[in-house]
Each structure stands twice: as C-alpha cells, then as structure tokens.
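# Structure at a glance
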Amino acid sequence: MIKDLFFEVYKYSGGTFTYLLLLFAYIVSLIILFIIIRGIMKSRVNPLQIIILVILGILLCIPSISAGINLYGYITGNEKLLELSIKITPIKWQKGVYYIQLGELKKGKEVFECYKKAYDLIGSYKYKCWYALPSVYYYNIQDYDTVLQIAEPNNGYIMATNCYIMKDDYQKALASINNAIEKSPKSGILYAKRGFICNKLGQKELAEVDLKMALQLEKDKKRILQTYNDWKNYELKRLAEKRKEAGID
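The following paragraphs examine the structure supplied in this document.

Parameters and conventions
- Along each chain, numbering runs from 1 in the same order as the chain's sequence is written.
- Residue-level local features of this predicted model are given only where pLDDT is at least 70; pairs of side-chain atoms are given and counted only at 80 or more, and the full residue set underlies all totals for whole chains, interfaces and linings.
- Hydrogens are left out, water is left out, and the side-chain values use all remaining heavy atoms of the structure.
- Numbering of helices and strands runs from the N terminus; a helix is a DSSP stretch of H or I covering at least four residues, while a strand is a stretch of E covering at least two.
- Per-residue accessibility, obtained with a 1.4 Å probe over protein chains only, is compared with the maximum for each type, and a residue is labelled buried under 20%, exposed over 50%, and partly exposed between these values.
- The criterion used for residue contact is that any of the two residues' heavy atoms lie within 4.5 Å.
- Note on areas: these come from Shrake-Rupley sampling with a 1.4 Å probe, and a residue is covered only by the protein chains present in the view.
- Candidates for patches are residues over 30% relative accessible area with no salt bridge; among them, like charges are joined within 9 Å and nonpolar side chains (Val, Leu, Ile, Met, Phe, Trp, Tyr) within 5 Å.
- One side-chain nitrogen of Lys or Arg within 4 Å of one carboxyl oxygen of Asp or Glu is enough to make a salt bridge.
- Within this scheme, the nonpolar core is defined by two criteria: the residues are buried Ala, Val, Leu, Ile, Met, Phe, Trp, Tyr or Cys, and they are joined through side-chain atoms within 4.5 Å.
- Between the N-to-C directions of two axes lies an angle of 0 to 180 degrees, each axis being a line fitted to C-alpha atoms and, for a helix, fitted only over the stretch in contact.
- If an angle is under 35 degrees, it is roughly parallel; if it is over 145, roughly antiparallel; if it lies from 65 to 115, roughly perpendicular; otherwise it is oblique.
- Each crossing gets its hand from how the near helix is turned against the far one by less than a right angle, where anticlockwise is left-handed and clockwise is right-handed.
- Throughout this entry, Asp, Glu, Lys and Arg are counted as charged residues, while Ala, Val, Leu, Ile, Met, Phe, Trp, Tyr, Cys and Pro are counted as nonpolar. The remaining residues, Gly among them, count as polar.
- Aromatic contacts are taken between Phe, Tyr and Trp rings whose centres are within 6.5 Å, Trp giving its six-membered ring; a plane angle under 30 degrees counts as stacked, one over 60 as edge-to-face, and the others as tilted.

### Remarks on the overall build of the protein chain
Tallying secondary structure elements over the protein chain gives 13 helices and zero strands in all. For the protein chain, buried positions account for 39% of its 249 residues. Long-range pairs, those at least 24 residues apart, make up 51% of the contacts in the protein chain with a sequence separation of at least 6. Summing over all exposed atoms, the protein chain offers an accessible surface of approximately 14800 Å²; the carbon and sulfur share of this is 60%.

Set out below in structure tokens:
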C-alpha cells in the first residue's frame, strides 16, 4: 500500500518532490515515535519494551537518513552519495528506487546495470514512470521476451514493435505499430516503420502509402528515408547472417 502510493506520487510529481515527501514522512514518524517513547517512559516499562522501541527507532532512522543522503546526492549529481544511500537502507524497494536515480546519472553500460538491479529489487514495472529504460537494457542483450513483458503492459508499443521485428513476428509487429500510430498519429517515423513492416508482409501498396504519409508528416525527409532504409538494410544483414549460419552461402 505505502509502496504503491509512493510510486504513484513519483509518477506524477517527479523524483525530487517525492523524495522530499518521503523524507518528511520519515521525520514525522520519528517524532511520533519519540512522543510515544516519552509517554511510555512516564509509566513503568520493562527492558524488553525499551529494546523493541530502540530497534524500531533505528529501523525508522536509517531509511530516513538514507532518503536524505539520496535526495542530496541526486540534486547535486553526486554518484558516491547515491551509492552510499543504497548501501545503508535495509528496504529493498527503496534500494531499487535509488538504483533508478543512480542510473539516470550514469552513462553507457552502467546505466543498464543500475536499471537491472532496480528491476530485480522492485520486481514490478507496472509503474509507468520508469519502464522504458529497463526495457532498453534487455533489448540490448537481445532478451526480447523480457522487454515485451515490461513494455506491453505499459503501452510501450514502439519498443514492442522492435522486439517483434527482431523475433520475425511481423503480424504482431504490425498490430503493435498500429497502436503506436493511434497514440501518435502525426509521427512520420512511425509511418516509415509501419511501411517497412507492411513491405515485409508483402503488402507493397500499403507500404508505399505509409512511406508517402511519413514524408508528408516529417519535415526532415532524409530522416524518414534513413529510418526506412536502416531497417531494410539491417534486415538484409540479418538474412545474410542466417543464410551463412545455415551453410547456404
């Protein structure tokens, strides 16, 4: 319940506001705990109760300190502080969120490693605020089934289309790109990609219509032709590799 609320706030308000809210919540929790302890200490308490209260206080204090360190590290772009916040918090989903923040500051392969750790710790990408970059990680390592599990429930139609193309499933690729065009009907790039898919399915006339539409929508005509030809050339390269592996050439 608390985790779901946190992610919903994150999705609509962004990381900085959410972390300030989280830090505030931890501080309030500590104040309430302190008031409770003071109230109990006025009456007779046994050592076991004191030990339990101390443990609860520490458990509440550590995530609070971690949230503060992470927030400051994220705002200042200090990766070492972000890594420290990951190390000290005992809450797994909180570590996952921190890995996402850390990934946003990193580049190259390290980004995807951070997002993979976040995926492993949080265990769910029903939260639309960050499904895209983890799917890029799995796409790069050619784990297309995992990408589809992450992207499709979050309406990641473009990424799903790419995966279906790589899996040679052009019928599903067509269905996915149709959904993408429905969401972004003025994207020339999407029409160019659908034209490529239609061409692969033998629908030459539809492919030509889509390519013309792409050229009408996109001011940069070279970009459209490059997108179409990139897919075409990549497909020819893949076909040549398959023929070579099969010993045909």
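After that view, the rundown keeps rolling.
### Observations regarding a nonpolar patch on the surface
A contiguous nonpolar surface patch, about 550 Å² in accessible area, is contributed by Phe17, Leu21, Phe24, Val28, Ile32 and Ile36. Mapped onto the secondary structure, Ile32 falls in helix α2 (residues 15-41).

### Re the nonpolar core
Of all hydrophobic cores here, the largest spans 31 residues; its most connected members are Tyr139, Val147, Cys163, Ile165, Ile177, Phe196 and Ile197. Among the elements of the structure, α7 (132-140), α8 (144-151), α9 (157-166), α10 (170-183), α11 (188-200), α12 (204-217) and α13 (221-245) are those that each provide at least two residues to this core. One finds Ile86, Val97, Tyr99 and Cys114 within the second-largest nonpolar core, a separate group that totals 16 residues.

### Points about the packing of helix α5 (residues 92-105) against helix α6 (residues 109-122)
Two numbers describe how α5 lies on α6: the axes approach to 8 Å, and their chain directions differ by 165 degrees. Relative to α6, α5 is oriented roughly antiparallel. In the crossing of α5 with α6, the sense of the turn from one axis to the other is left-handed. Within the contact between the two elements, α5 uses Lys92, Trp93, Lys95, Gly96, Val97, Tyr99, Ile100, Leu102, Gly103 and Glu104 and α6 uses Val111, Cys114, Tyr115, Lys117, Ala118, Leu121 and Ile122. For the contact of α5 with α6, the class distribution of residues is 11 nonpolar, two polar and four charged.

### Digging into the packing of aromatic side chains
All told, the structure shown has one aromatic pair when counted by the stated rule. For the ring pair Tyr170 and Phe196, a centre distance of 6.5 Å and an interplane angle of 65 degrees mean the geometry is edge-to-face. Of this pair, Tyr170 sits in helix α10 while Phe196 sits in helix α11, placing them 26 residues apart in sequence. With relative accessibility at 8%, the residue Tyr170 sits in the buried group. Overall, the relative accessible area of 3% leaves Phe196 in the buried class.

### Some points on α9
The element α9 is extensively covered by neighbouring structure, given that eight of its 10 residues are classed as buried. Within the span of α9, buried status applies to Met159, Ala160, Thr161, Asn162, Cys163, Tyr164, Ile165 and Met166. Positioned one or two residues after α9, Asp168 has a phi angle of 60 degrees, which is positive.

### Comments concerning the pattern of salt bridges
Enumeration according to the criterion identifies six salt bridges in this entry. For Lys167, the salt bridge is made with Asp145, and the minimal N-O distance between the two is 2.9 Å. Taken together, the residues span a long stretch of sequence, with Lys167 in the loop between α9 and α10 and Asp145 in helix α8 at a distance of 22 residues. For Lys167, a relative accessible area of 36% translates into the label partly exposed. What makes Asp145 partly exposed here is its relative accessible area of 45%. Taking the shortest distance from any N to any O, the salt bridge between Asp210 and Arg194 comes out at 2.8 Å. A residue pair is termed long-range when its members are at least 10 positions apart, and Asp210 in helix α12 and Arg194 in helix α11 qualify at 16 residues.

### Topic: unusual backbone geometry
Backbone geometry at Asp168 places phi at a positive 60 degrees, although glycine is not the residue there. Relative to the helices and strands, Asp168 resides in the loop between α9 and α10. Overall, Asp168 belongs to the partly exposed group, its relative accessible area being 34%.

### Remarks on the side chain of Ser176
Counting through the fold element by element, Ser176 comes out in helix α10. Residue Ser176 is classed as buried on the basis of its relative accessible area, which comes to 4%.

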